[in-house]
Amino acid sequence: MQSFPYLSLDKDVGHLGVAEIESFAAQISGGVLGPADAAYDEARRVWNATVDRRPALIARCLSDRDVQAAVRFAAARRMLTSVRGGGHHIAGNAVAEGGLMIDLSAMRAIEIDPARRRARVGAGALLGDFDRAAQAHGLATPLGVNSTTGVAGLTLGGGFGWLTRRYGMTVDNLRSANVVTADGALRTASADSEPDLFWALRGGGGNFGVVTSFEYQLHPVGPQVYAGLVVYPFAQAGRVLRAWRDFTSDAPDELSVWAVLRKAPPLPFLPADAHGHEVVILPLVYSGDVAAGEHAAAPVARFGDPIAVALGAQPYSQFQTAFDPLLAPGARNYWKTNNFSRLGDAAIDGLVAAAGRLPGPECEIFVAQLGGAMARVAPGATPFVGRDARYIMNVHGRWQDPGDDARVRAWARRTFEDAAPHATGSGYVNFLTEDEAERVGASYGANYPRLQALKQRFDPDNLFRMNLNIAPRAT
Ligand SMILES: Cc1cc2nc3c(=O)[nH]c(=O)nc-3n(C[C@H](O)[C@H](O)[C@H](O)COP(=O)(O)OP(=O)(O)OC[C@H]3O[C@@H](n4cnc5c(N)ncnc54)[C@H](O)[C@@H]3O)c2cc1C
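Here's what I pulled together on the structure shown here. (Residues numbered from 1 in each chain as written. Predicted model: local features only at pLDDT ≥ 70, side-chain atom pairs only at ≥ 80, totals over all residues. Heavy atoms only, no water.)

## Things to note about the sheet that holds strand 3 (residues 81-84)
Taken in spatial order, the 4 strands of this open sheet run 1-2-4-3, and their pairing is mixed. Of all the strands in the sheet, the pair left with one neighbour each is strand 1 (32-33) and strand 3. Pairing analysis gives 4 bridges linking strand 3 to strand 4 (residues 100-103), with the strands arranged parallel. When the sheet's bridge partners are listed, Arg84 is paired in strand 4 with Asp103. Helix-sheet contacts for helix 1 (residues 18-25) involve strand 1, strand 2 (57-60) and strand 4, and the interaxial angle to strand 2 is about 20°. Packed on one face of the sheet, helix 3 (residues 64-77) meets strand 2, strand 3 and strand 4 and runs near 165° to strand 4. (Pairing = 2+ DSSP bridges. Helix = DSSP H or I, 4+ residues; strand = E, 2+ residues; numbered from the N terminus. Contact = heavy atoms within 4.5 Å. Axes fitted to C-alpha atoms, helices over the stretch in contact; angles between N-to-C directions.)

See the structure below:
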């Protein structure tokens, strides 16, 4: 048995004894780590390198029963509790200083039922695991655009990606979830069983319990899709983004075209003299028939004079990894996000001006095109209220040197503030940083009171508070 020299719990719970920890460790099939263990530092590391927290204990769960044991242990001692899926949240909420981390990263089992077009996915699975397993059957559900993001956190906050305009948000495709609530009970939440809990899980983040597995609706996609990038010189940014805005306001649901403003990475299909200079990148996917996609996407290469057009048929699962190199773990990151129901010329000019002040080679402004199927769901049908968001902007401050922390954060904040008058006022909880707790209520809008009442019902003591926290409130 290892030693646990580093224990700092909530002030009011006193001290955990070694025997108590040993008895807990005996209940967790993947074992319990403390700071003296060799695997501890790797297990507590998350995607955003600005987050460096030291939990007291890490429970490496392999089963629903493990998760129940961990929740009961934490609840009985009122320990600060965090839940780790893929560890990607920008706020680093997967790990709590001095708390118990319930680590689900080994619970990655995936079962695909091609006949029913359903998937059962373990809460530690990454997007790439899920895409690969489903694409083996020519199926997929809407997920995000980076293959190492966790399925769990992405789903619980809403989830959008290249298939969202056609098939909705990830939560619109969730059919059921197995969840351990704060009382330690294992519940199945679906439209027929625990419908209130099921509603809350579809966008309410990790506030309502620890999900151990998810069941999703799948759809036929690919395996080949028409996809790729069109890259324009920055001098044409205003004209290109206006043409993109006009084109995307009337595009078919199968087509998603996003916009990224950044310095050009040294990609082989870009001319060498563009490398390191600001460009406008329009990545796109047409998720239907490949020939129809070529036709539908053709105008995107005519918004100006592109410096590169890299479009063609490719496996959907391959394009789902296209941005991985730009979003690898280990860098310092700070984000700011806005939802837009429309992008007027003034908003576009503001984004171009902000991109003219990029504070580093890894910083970018990306704007995802939404609408389509996700917008046809009523705002109260799930907690994800931003159904009017035709575009979601994410300002990616990304850098390596801690000495740049203040400078990059200031750029991200200014870009956000300049864009705010043109935005809806709502935000996407999966992109909110740890210093944005005050935006949580506005991000849930009219759904917030119902979420607070359900939080009061399922987690009245706020055991699950390492998240964009919904404060429990009795109605
Ligand atoms: C590089 C990158 C690309 C991204 N791209 C997209 C994108 O295209 N589309 C999109 O919608 N989002 C995207 N995101 C945002 C992403 O959805 C969130 O970061 C999400 O929280 C990641 O989930 P995770 O499981 O990896 O994170 P974690 O940090 O492990 O968890 C996030 C939160 O959820 C809680 N949680 C995790 N698992 C569970 C569980 N099983 N039960 C209860 N609570 C749990 C955690 O406690 C934490 O509060 C991206 C993020 C990154 C870093």
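Back to the text.
## Quick word on the site of the ligand
Taken together, 34 residues lie near the ligand, and Val83, Gly85, Gly87, Phe160 and Tyr428 sit nearest. Contact distances for the ligand include 2.7 Å between a nitrogen atom and a backbone N or O atom of Phe160. Between Tyr428 and the ligand, the recorded distance is 2.6 Å, taken from a side-chain N or O atom to an oxygen atom. A total of 950 Å² of accessible area belongs to the ligand in isolation, and the protein chains cover 97% of it. Those elements that provide at least two residues to the shell around the ligand are strand 3, helix 5 (151-157) and strand 10 (210-217). A total of 4 residues in the shell around the ligand trace back to one element, the largest contributor, which is helix 5. Partitioning the shell around the ligand into residue classes produces 17 nonpolar, 16 polar and 1 charged. (Near = heavy atom within 4 Å. Polar contact = N/O pair within 3.5 Å; in protein donor to acceptor, adjacent residues only side chain to side chain. Areas by Shrake-Rupley, 256 points an atom, 1.4 Å probe, with all protein chains shown as cover. Nonpolar A, V, L, I, M, F, W, Y, C, P; charged D, E, K, R; others polar.)

## Remarks on the nonpolar core
Within the largest apolar cluster, 63 residues are counted, with the highest numbers of intra-cluster contacts made by Phe24, Leu57, Leu100, Phe130, Leu201 and Phe214. Of all the elements, helix 3 adds the most residues to this core, at 6 residues. With sequence-adjacent residues up to four places away left out, Leu100 is seen in contact with Phe24, Leu57, Ala59, Ala70, Phe73, Ala74, Met79, Leu80, Thr81 and Ser82. Ala251, Val257, Leu351 and Ile365 belong to the second largest nonpolar core, which has 43 residues in total. (Core = buried A, V, L, I, M, F, W, Y, C linked by side-chain atoms within 4.5 Å. Buried < 20%, exposed > 50% of the residue type's maximum accessible area, 1.4 Å probe, protein only.)

## What about the sheet that holds strand 9 (residues 186-190)?
Pairing in this open sheet of 5 strands is antiparallel, and the strands run 5-6-10-8-9 from one edge to the other. Two strands bound the open sheet, and with one partner strand each, they are strand 5 (110-113) and strand 9. Direction aside, the axes of adjacent strands within the sheet are offset by 15° on average.

## Re helix 14 (residues 448-458)
Three or more residues of helix 14 are buried, namely Tyr448, Leu451, Gln452, Leu454, Lys455 and Phe458. Seen from one end, helix 14 has its buried residues packed into an arc of 165°, which puts them on one side. Check the buried side of helix 14 and you find it contacts strand 9, helix 7 (195-201) and helix 13 (440-444). (Arc of directions from axis to C-beta.)

## Things to note about unusual backbone geometry
Here the amide bond leading from Gly222 into Pro223 is cis, since omega sits at 5°, within 30 degrees of zero. For Pro223, the location among the structural elements is in the loop between strand 11 (219-220) and strand 12 (224-233). Of note, Arg117 is a non-glycine position whose phi angle comes to about 50°, a positive value. Even without glycine at this site, Glu194 takes up a positive phi of about 50°.

## Describing the pattern of salt bridges
By the definition in use, this model includes 33 salt bridges. With a closest N to O distance of 3.4 Å, Asp435 and Arg413 form a salt bridge. Of this pair, Asp435 sits in the loop between helix 12 (405-419) and helix 13 while Arg413 sits in helix 12, and the two are 22 residues apart along the sequence. In this structure Asp435 comes out as partly exposed when scored by relative accessible area, which is 38%. Each of Asp113, Arg116, Arg118, Arg120 and Glu215 takes part in one network of salt bridges that share partners. (Salt bridge = Lys/Arg side-chain N within 4 Å of Asp/Glu carboxyl O.)

## A short note on the packing of aromatic side chains
Taken as a whole and judged by the stated rule, the model has 18 aromatic pairs. A centroid spacing of 5.3 Å and a plane angle of 90° characterise the contact between Trp335 and Phe431, whose relative ring orientation is edge-to-face. Placement of the pair is Trp335 in strand 17 (residues 332-340) and Phe431 in the loop between helix 12 and helix 13, with a sequence separation of 96 residues. Phe431 shares its class with Trp335; the two are buried. (Phe/Tyr/Trp six-rings, centres within 6.5 Å; stacked < 30°, edge-to-face > 60°.)

## Details of the packing of helix 8 (residues 237-248) against helix 11 (residues 345-355)
For any two helices packed against each other, one specifies the inter-axial angle together with the distance between the axes. Remark: helix 8 packs on helix 11, axes separated minimally by 10 Å, with the N-to-C direction vectors making an angle of 135°. The angle between helix 8 and helix 11 places the two elements in the oblique class. Crossing angle aside, the handedness with which helix 8 passes helix 11 is right-handed. Where helix 8 approaches helix 11, its residues Ala237, Gly238, Leu241, Arg242 and Arg245 are matched on the opposing element by Asp345, Ile348, Asp349 and Val352. The residue inventory of the contact of helix 8 with helix 11, partitioned by class, reads 4 nonpolar, 1 polar and 4 charged. (Parallel < 35°, antiparallel > 145°, perpendicular 65-115°, else oblique. Left-handed = near helix turned anticlockwise from the far one by under 90°.)

## Topic: the environment of Ser213
Position of Ser213 relative to the elements: it lies in strand 10. Accessibility expressed as a relative area gives 9% for Ser213, which makes it buried. If sequence neighbours within four positions are ignored, Ser213 has contacts with Arg120, Val121, Gly122, Ala123, Ser176, Ala177 and Asn178. Within polar-contact distance, the side chain of Ser213 engages the side chain of Arg120 at 3.0 Å.

## Side note on the side chain of Gln369
Tracing the sequence through the fold places Gln369 in strand 18 (residues 364-369). A polar contact of 3.2 Å, which involves the side chain of Gln369, links it to the backbone oxygen of Thr248. Separated by 2.8 Å, the side chain of Gln369 and the backbone nitrogen of Val257 make a polar contact.

## Structural notes on the environment of Phe464
You can see Phe464 is positioned in the segment after helix 14. For Phe464, a relative accessible area of 1% gives the class buried. Considering only alpha carbons, one finds Phe464 and Ala26, 438 residues apart in sequence, at a separation of 23 Å. Excluding residues that lie within four positions of it along the chain, Phe464 makes contacts with Val71, Val180, Thr181, Ala182, Gly206, Asn207, Phe208, Gly209, Val210, Lys455, Asp459 and Asn469.

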